[in-house]
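Summary of the model geometry
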Amino acid sequence: MSKKIYADNAATTRVYPEVLDAMKTYFDEEYWNPSSTYESAGKAAKKVAEARNVIANAINARDKEIFFTGGGSESDNWAIKGVADALREKGNHIITTKIEHHAVLHTCEFLEKHGFEVTYLPVDEDGLVDLEELESAIRPTTILISVMFANNEIGTIEPIAEIGKIAKEHGVTFHTDAVQAFGHEPIDVEAMNIDLLSASAHKLNGPKGVGLLYIRRGTKISNLIHGGGQENGRRAGTTNTAGIIGFAKATEIAVENMEKNNQYEARLRDKLIERILEEVPYVRLNGHRERRLANNANFCFRFIEGESLLIMLDLKGICASSGSACTSGSLDPSHVLLAIGLPHEIAHGSIRFSISTDTKEEDIDYIVDELKGIVERLRSMSPLYEDFVKEVG
Ligand SMILES: *Cc1c(COP(=O)(O)O)cnc(C)c1O
């Protein structure tokens, strides 16, 4: 078999066999609609209730505050459009950042067309939001602050508890897109003063197409998906029983092994970072050196197109990503890399490796060994690099 190293876990993850096992019965044998009234359906409804409890406990929420959705993008849309609609009498101002996922950014842009004003906060060179800047952006008309827990491209973890504190002091609803953090970083919605939180099962070894929105009790938010009375009348659509049970199983495994997994991944990540910075010239690590997801390493290689690098890595069996999966295929450089201050030509040469507990130490060595050769070959074909070498002598 040819070699295959999957280093794109920020895009999606492998469904664990235990998760698949837990789900299977709810497709074939126990396929009942949990909203139906007969006894079998009641059993399915009970399993969904248990799943809700497992997931609520993972972030110190109450069961009634967890609403299942069709994924992270839907949860982000619901949080932002829902608050905008519910509080439009109170104000029309939203604060977010320049480095959010497109599910947040494009939702905010949509609202701008409908009379809302959005402040897109800048970030520093590591991708961190400035707390003073955030606080001074708050106006009497501010109805929502939406700042991601951890960035999906560069891995930087934002000061969520501090932001929650500021939002609370000003009486502003606080949403965080925690899709990259849920099941990977400790989250406590009480201690962190989070009012709304988005998560998605497929980023933690669960199935695709199921996510959640945590809604703190008392938070004013309109419904997004109208229809039947599922999810306590807040989110219509036949309950995704199997998906929700898989999500809960994945959460259980993730929470139980979080510390161990993060230690393992961070050690390999650091090895990858150290070897690349040492052995490849003209390279830059993107994202904060310490405050970053344990599985994320993102680099810019000067004089190289990220897309060419990706193709060459793919030929060697290495799956990585340039920026986010949603934007590959477009030639625009990543909005995140531009926001941390990189010029266009450097932002174009970026690669994200996102590893997992499946990654082996020898995979890291293989990646670096192959990468060195590929970078050298691509640069030898680059007129820009040729000019640069002539200049520096
Ligand atoms: C993957 C991702 C999303 C989208 O989640 P889906 O479940 O794929 O819709 C949103 N935000 C972040 C930060 C993500 O990484």
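Residues numbered from 1 in each chain as written. Predicted model: local features only at pLDDT ≥ 70, side-chain atom pairs only at ≥ 80, totals over all residues. Heavy atoms only, no water.

This brings us to the pattern of salt bridges. Tallied over the entire structure, the rule returns 27 salt bridges. In this structure, the salt-bridge partner of Arg216 is Asp195, at a minimum N-O distance of 3.2 Å. One end of the pair, Arg216, is in the loop between β8 (211-215) and α7 (230-233); the other, Asp195, is in the loop between β6 (173-177) and β7 (196-200), with 21 residues separating them in the sequence. Considered together, Arg216 and Asp195 belong to a single accessibility category, that of buried residues. Glu370 is paired through a salt bridge with Lys316; the nearest N and O atoms lie 3.9 Å apart. Placement of Glu370 in helix α12 (residues 361-380) and of Lys316 in the loop between α9 (306-315) and β11 (318-319) is noted, with a sequence separation of 54 residues between them. With a relative accessible area of 32%, Lys316 lands in the partly exposed category. It is possible to trace a salt-bridge network through shared partners that takes in Arg267, Lys271, Arg275, Glu279, Glu361, Asp365, Asp369 and Lys372. (Salt bridge = Lys/Arg side-chain N within 4 Å of Asp/Glu carboxyl O. Helix = DSSP H or I, 4+ residues; strand = E, 2+ residues; numbered from the N terminus. Buried < 20%, exposed > 50% of the residue type's maximum accessible area, 1.4 Å probe, protein only.)

By size, the foremost hydrophobic cluster in this structure holds 64 residues, and its most contacted members are Ile145, Phe182, Ile187, Leu197, Leu212 and Phe247. Considering every element that reaches this core, the biggest residue donor is helix α8 (residues 241-279), with eight residues. When we break this core down by domain, the ones giving at least three residues each are domain 1 (5-12 + 258-392) and domain 2 (17-254). Aside from chain neighbours lying at most four places away, what touches Leu212 is Ile55, Ile66, Phe67, Phe68, Thr69, Ser75, Phe182, Leu197, Ser198, Ala199 and Phe247. Of all hydrophobic cores here, the second largest spans 30 residues; its members include Ile5, Val280, Tyr366 and Ile374. (Core = buried A, V, L, I, M, F, W, Y, C linked by side-chain atoms within 4.5 Å. Domains from an automatic or database assignment. Contact = heavy atoms within 4.5 Å.)

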